[in-house]
Amino acid sequence: MTSPSPRPTPQGPPLDLGGRTALVTGAAGGIGRACALRLAAAGAKVRAVDRDAAGLAALAEQSGPLAGVLEPHVLDLTDLDAAEQAAAGTDVLVNNAGIQLVRPIEEFPPEVFHTVLTVMLEAPFRLIRGALPHMYGQGWGRIVNISSVHGLRASAYKSAYVAAKHGLEGLSKTAALEGAPHGVTSNCVNPAYVRTPLVEKQLTDQARAHGVPEERVLAEVLLQDSAVKRLIEPEEVAEAVAYLCAPQASFVTGTSLVLDGGWTAH
């Protein structure tokens, strides 16, 4: 007796952001670069925001064959007024830009703490504030905040980063509650360690802070709490962002989409 043929899996329509404008911060590399390319591939006009002009130029060259258009926008997010203005007319906002410093609290430079909170919490607030009038006016919008497993859990020696990500979670939920009557969703995507320059630059600092050789940091520190013992690829995070922009996710708001390899299952 032959086994019955498996039923075909229903496939939703491909993501179509034709006619939409997306803004992605931290777009010159890592997760931001992957998100900018993914949204452009879906047909969006992408404002790629970063302070790295050379990185944005390289990104623009790579986006040539994609369906959408990628517009490099050199901007330092500590210029909060400029950040808010840059978000005007945005249909999809991806708050991704981040910085990291690994130090014990008693050694953490206050000026760096201030900068981390400015770039990773206050700037997203200003970008959302700048984007909402257009989103509300048309009755549709998507806000995706690239949070982290550190928006849900803390790690030692990352006071500024953890504080910023926890704050971003609250900001995202507030935007979800306010935006729901206007057709605007707001969610977080929470990856564990992603294969990005931000993570690679941590290895030396983590080795010093934890007192282990640098070659052991990945397995013994970064991936210690992850059931899946590998780094996440930026493109995997970008697909989660794309899902939250799709029609199938119109009921998903005020939540955190966790991509942590089982970290928070403990």
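Residues numbered from 1 in each chain as written. Predicted model: local features only at pLDDT ≥ 70, side-chain atom pairs only at ≥ 80, totals over all residues. Heavy atoms only, no water.

S.K.: Break down the overall build of the protein for me, citing the residues and quoting the values.
M.R.: Along the protein, the regular secondary structure elements total nine helices and seven strands. Over its C-alpha atoms the protein spans a radius of gyration of 19 Å, differing by no more than 12% from the 18 Å that the globule rule assigns to 266 residues. Taking the principal axes of its C-alpha atoms as reference, the protein extends roughly 70 × 50 × 40 Å. Every one of the 266 residues in the protein was classed for burial, and the buried ones make up 49%. (Helix = DSSP H or I, 4+ residues; strand = E, 2+ residues; numbered from the N terminus. Rg over C-alpha atoms; globule rule 2.2 N^0.38 Å. Buried < 20%, exposed > 50% of the residue type's maximum accessible area, 1.4 Å probe, protein only.)

S.K.: Go over the pairing of strand 6 (residues 184–191) with me, naming the residues and quoting the values.
M.R.: Most of strand 6 sits inside the fold, with eight of its eight residues counted as buried. The alternating pattern of strand 6 places Val-184, Ser-186, Cys-188 and Asn-190 on one face and Thr-185, Asn-187, Val-189 and Pro-191 on the opposite face, and all of these are buried. Across six bridges, strand 5 (residues 141–146) lies against strand 6 in parallel orientation. Paired with Gly-141 across the strands is Val-184, a residue of strand 6. For strand 6 and strand 7 (residues 256–259), the ladder comprises four bridges, and the chain directions are parallel. Bridge pairing in strand 7 links Asn-190 to Val-258. (Pairing = 2+ DSSP bridges.)

S.K.: Before we move on, can you summarise the pairing of strand 5 with the specific residues and values?
M.R.: The element strand 5 is largely enclosed, with a buried count of six among its six residues. Of the strand pairs in this sheet, strand 4 (residues 92–95) and strand 5 are connected by four bridges, and their pairing is parallel. Paired with Leu-93 across the strands is Ile-143, a residue of strand 5. Crossover strand 4 to strand 5 through helix 4 (residues 110–138) is right-handed. Each parallel crossover has a hand, and for strand 5 linked through helix 5 (residues 159–179) to strand 6 it is right-handed. (Right-handed = clockwise from strand over helix to strand, strands pointing away.)

S.K.: Could you give an account of the sheet that holds strand 1 (residues 21–25), naming the residues involved and the relevant values?
M.R.: Each strand in a sheet pairs with its neighbour through backbone hydrogen bonds, running either in the same direction (parallel) or in the opposite one (antiparallel). The seven strands lie next to each other as 3-2-1-4-5-6-7, forming an open sheet whose pairing is parallel. Only two strands of the sheet have a single neighbouring strand rather than two, namely strand 3 (69–74) and strand 7. On average, each strand axis in the sheet is inclined to that of its neighbour by 15°, with strand direction left out of account. Sitting on the sheet, helix 5 touches strand 5, strand 6 and strand 7, and the angle it makes with strand 6 is about 155°. (Axes fitted to C-alpha atoms, helices over the stretch in contact; angles between N-to-C directions. Contact = heavy atoms within 4.5 Å.)

S.K.: Lay out unusual backbone geometry with the relevant residues and their values.
M.R.: Despite not being glycine, Tyr-157 shows a phi value in the positive range, around 75°. Take Tyr-157: it is sitting in the loop between strand 5 and helix 5.

S.K.: Give a detailed account of the nonpolar core, specifying residues and quantitative values.
M.R.: If you look at the biggest cluster of nonpolar residues, it comprises 48 residues, and the most contacted ones within it are Leu-39, Val-46 and Val-94. Elements supplying a minimum of two residues to this core: strand 1, helix 1 (30–41), strand 2 (45–50), helix 2 (53–62), strand 4, strand 5, helix 8 (217–222) and helix 9 (234–245). Leaving out residues up to four positions away in the same chain, Val-94 has contacts with Leu-23, Val-24, Thr-25, Cys-35, Leu-39, Val-144, Ile-146 and Val-241. Judged by nonpolar contacts, the second largest core, of 31 residues, contains Leu-132, Met-135, Ile-143 and Ala-175. (Core = buried A, V, L, I, M, F, W, Y, C linked by side-chain atoms within 4.5 Å.)

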